[in-house]
Amino acid sequence: MIVYKSAEEIELIRQSSLLVGKTHAQVARFLRPGITGKELDRIAETFIRDHSAVPSFKNYRGYPFSLCISVNEMVVHGFPSDKPFQEGDLVSIDCGVYLNGYHGDSAFTFGLGEMPQATIKLMKVTRECLQKGIEKALIGNRLGDISYAVQQHAESNGFSVVRELVGHGIGKQLHESPEVPNYGKRGNGPLLKEGLIIAVEPMINQGQRDVRTLRDRWTVVTRDGMPSAHYEHTIAIGKEKADVLSTFEYIEEVIKENNNITLA
Ligand code: MF3
Ligand code: CO
């Protein structure tokens, strides 16, 4: 069952989603070769709690951290670890917060220092996939229009779409109906209506689409060991255009000043 949100609820989800964007920026200030995921997780959790919110992921179905940090061949749900990042790492950071009864959810992928050209292209194309999906998030369209746009852009650039993980409705629960696959057919699926709030989150692989889950029961990696990128926004379906509730603006301000981060 899809829970449609009122204008007031959408503003609350916007507040949660903005705090996610600010948390990402706070983390990005510290991101460099030599720092560890565990250190970033602490920074994020402190920042979220200092803003009267709760990390959405922590203890969600037993997930033990505030952030998911997925490095290189990790697709999503990587555990923040004690291994220092190295130059050339592709670092995807996913964050959710729960504030005033509603969740916000957003992810961003950073390159550290010198990166291979193909991986820079993977970052760029994955971010464009998110944008293309959002452009189809219009009242009267179908969910499949979003999915198709994402898949089309990824595959026409020679990359592959992960099938096992999907975007989702979001609100009082982190994961609500409907599922938002990153592959599908135009004109298929539920009709997009006013008040529908979803997290769109393409997970795009540089090599083959196949993935597996590590023994920690969370970390999803590519089977071929090639890199994977992930960007995510929480959005409200719109009349002329979607209302993007989360933001990368704060991250981008920080990236301008942090020379360790390579943007696509
Ligand atoms: N953005 C991811 C998702 O919506 C992160 C969830 S991690 C979990 O699935 F730990 F909360 F599961
Ligand atoms: Co999500």
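Whatever comes next refers back to the structure up there.
Description of the structure in this document. On a predicted model such as this, the values are computed, not experimentally measured, just so you know.

**Observations regarding the site of ligand 1**
Here is step 1 of the chain: Among the 13 residues in the neighbourhood of ligand 1, the closest are listed as Tyr-63, Asp-94, His-168, His-175 and Glu-232.
Here is step 2 of the chain: Side-chain polar atom of Asp-94 to a nitrogen atom of ligand 1: 2.6 Å apart, as the coordinates give it.
Here is step 3 of the chain: The contact in question runs from an oxygen atom of ligand 1 to an N or O atom on the side chain of His-168, over 2.7 Å.
Here is step 4 of the chain: According to the grid-proximity analysis, the pocket containing ligand 1 is the largest pocket.
Here is step 5 of the chain: For the shell around ligand 1, the class distribution of residues is 6 nonpolar, 3 polar and 4 charged.

**What about the coordination of the cobalt ion (ligand 2)?**
Here is step 1 of the chain: On the protein side, the cobalt ion (ligand 2) has Asp-105 (OD), His-168 (NE2), Glu-201 (OE) and Glu-232 (OE) as donor atoms, found 2.1 to 2.3 Å from it.
Here is step 2 of the chain: Considering all 6 donor atoms around the cobalt ion (ligand 2), angles at the metal cover 68 to 173° and the coordination shape is irregular.
Here is step 3 of the chain: On the primary sequence, the residues serving as donors to the cobalt ion (ligand 2) are separated as D-x62-H-x32-E-x30-E. Within this pair, whereas His-168 is found in strand β7 (residues 167-169), its partner Glu-232 is found in the loop between β13 (228-230) and β14 (233-236), the two being separated by 64 residues in sequence.
Here is step 4 of the chain: Residue His-168 is classed as buried on the basis of its relative accessible area, which comes to 4%.

**Regarding the side chain of Arg-14**
Here is step 1 of the chain: Assignment of secondary structure puts Arg-14 in helix α1 (residues 7-30).
Here is step 2 of the chain: According to the relative accessible area criterion, Arg-14 is buried, its value standing at 19%.

**Side note on the sheet that holds β14**
Here is step 1 of the chain: In space, the 5 strands of this open sheet follow the order β8-β7-β9-β14-β15, with antiparallel pairing throughout. What marks the edges here is a single partner per strand, and that holds for β8 (176-180) and β15 (243-244).
Here is step 2 of the chain: Relative to β14, strand β9 (residues 197-200) runs antiparallel, the two being bridged by 4 bridges. Across the sheet, residue Ile-198 finds its bridge partner in β14, namely Ile-235.
Here is step 3 of the chain: Its contacts with the sheet place α1 against β9, β14 and β15, and it is angled at close to 165° to β14.

**Description of the pattern of salt bridges**
Here is step 1 of the chain: Scanning all chains against the criterion turns up 9 salt bridges.
Here is step 2 of the chain: One salt bridge in this structure joins Glu-45 and Lys-58, with 2.8 Å as the shortest N-O distance. Linking Glu-45 in helix α2 (residues 37-50) with Lys-58 in the loop between β1 (54-55) and β2 (67-71), this pair joins segments that are 13 residues apart in sequence.
Here is step 3 of the chain: Of the charged contacts in the structure, one is a salt bridge between Lys-124 and Glu-128, with a shortest N-O distance of 3.1 Å. You can see Lys-124 and its partner Glu-128 sitting in helix α3 (residues 117-135), 4 residues apart, about one turn around the helix.

**Focus: the packing of α3 against helix α4 (residues 143-156)**
Here is step 1 of the chain: Two elements in contact, α3 and α4, have axes separated by 8 Å at closest approach and are oriented at 155°. Compared by their axis directions, α3 and α4 come out roughly antiparallel. Note that α3 runs across α4; the crossing there is right-handed. Within the contact between the two elements, α3 uses Val-125, Glu-128, Cys-129, Lys-132 and Gly-133 and α4 uses Ile-146, Ala-149, Val-150, His-153 and Ala-154.
Here is step 2 of the chain: Within the contact of α3 with α4, the residues separate by chemical class into 6 nonpolar, 2 polar and 2 charged.

**A few points about the layout of surface pockets**
To find the voids left in a structure, one rolls a probe of water-molecule size over its atoms.
Here is step 1 of the chain: Taken as a whole, the largest pocket spans an internal volume of roughly 590 Å³.
Here is step 2 of the chain: In terms of lining residues, the largest pocket is bounded by 26 residues, among which Tyr-60, His-77, Leu-165, Val-166 and His-175 are the most central.
Here is step 3 of the chain: The set of elements that each furnish at least two residues to the lining of the largest pocket consists of β7, β8 and β11 (211-213).
Here is step 4 of the chain: Split by residue class, the lining of the largest pocket holds 12 nonpolar, 6 polar and 8 charged.

Procedures and definitions
- Residues numbered from 1 in each chain as written.
- Chains lettered and ligands numbered in written order.
- Predicted model: local features only at pLDDT ≥ 70, side-chain atom pairs only at ≥ 80, totals over all residues.
- Heavy atoms only, no water.
- Near = heavy atom within 4 Å.
- Polar contact = N/O pair within 3.5 Å; in protein donor to acceptor, adjacent residues only side chain to side chain.
- 1 Å grid on protein atoms, 1.4 Å probe; cavity = no way out; pocket = protein on both sides within 12 Å on 5 of 7 lines; lining within 4 Å.
- Sits in = over half its atoms within 2 Å of the grid points.
- Nonpolar A, V, L, I, M, F, W, Y, C, P; charged D, E, K, R; others polar.
- Donors = N, O, S within 2.8 Å, 3.2 Å for Na, K, Ca; no water.
- Tetrahedral: all angles 85-135°; square planar, octahedral: opposite > 155°, others 65-115°.
- Helix = DSSP H or I, 4+ residues; strand = E, 2+ residues; numbered from the N terminus.
- Buried < 20%, exposed > 50% of the residue type's maximum accessible area, 1.4 Å probe, protein only.
- Pairing = 2+ DSSP bridges.
- Contact = heavy atoms within 4.5 Å.
- Axes fitted to C-alpha atoms, helices over the stretch in contact; angles between N-to-C directions.
- Salt bridge = Lys/Arg side-chain N within 4 Å of Asp/Glu carboxyl O.
- Parallel < 35°, antiparallel > 145°, perpendicular 65-115°, else oblique.
- Left-handed = near helix turned anticlockwise from the far one by under 90°.
- Points joined across faces, edges and corners; volume = space filled by probe spheres on them.

Nothing here speaks to function; it is geometry throughout.
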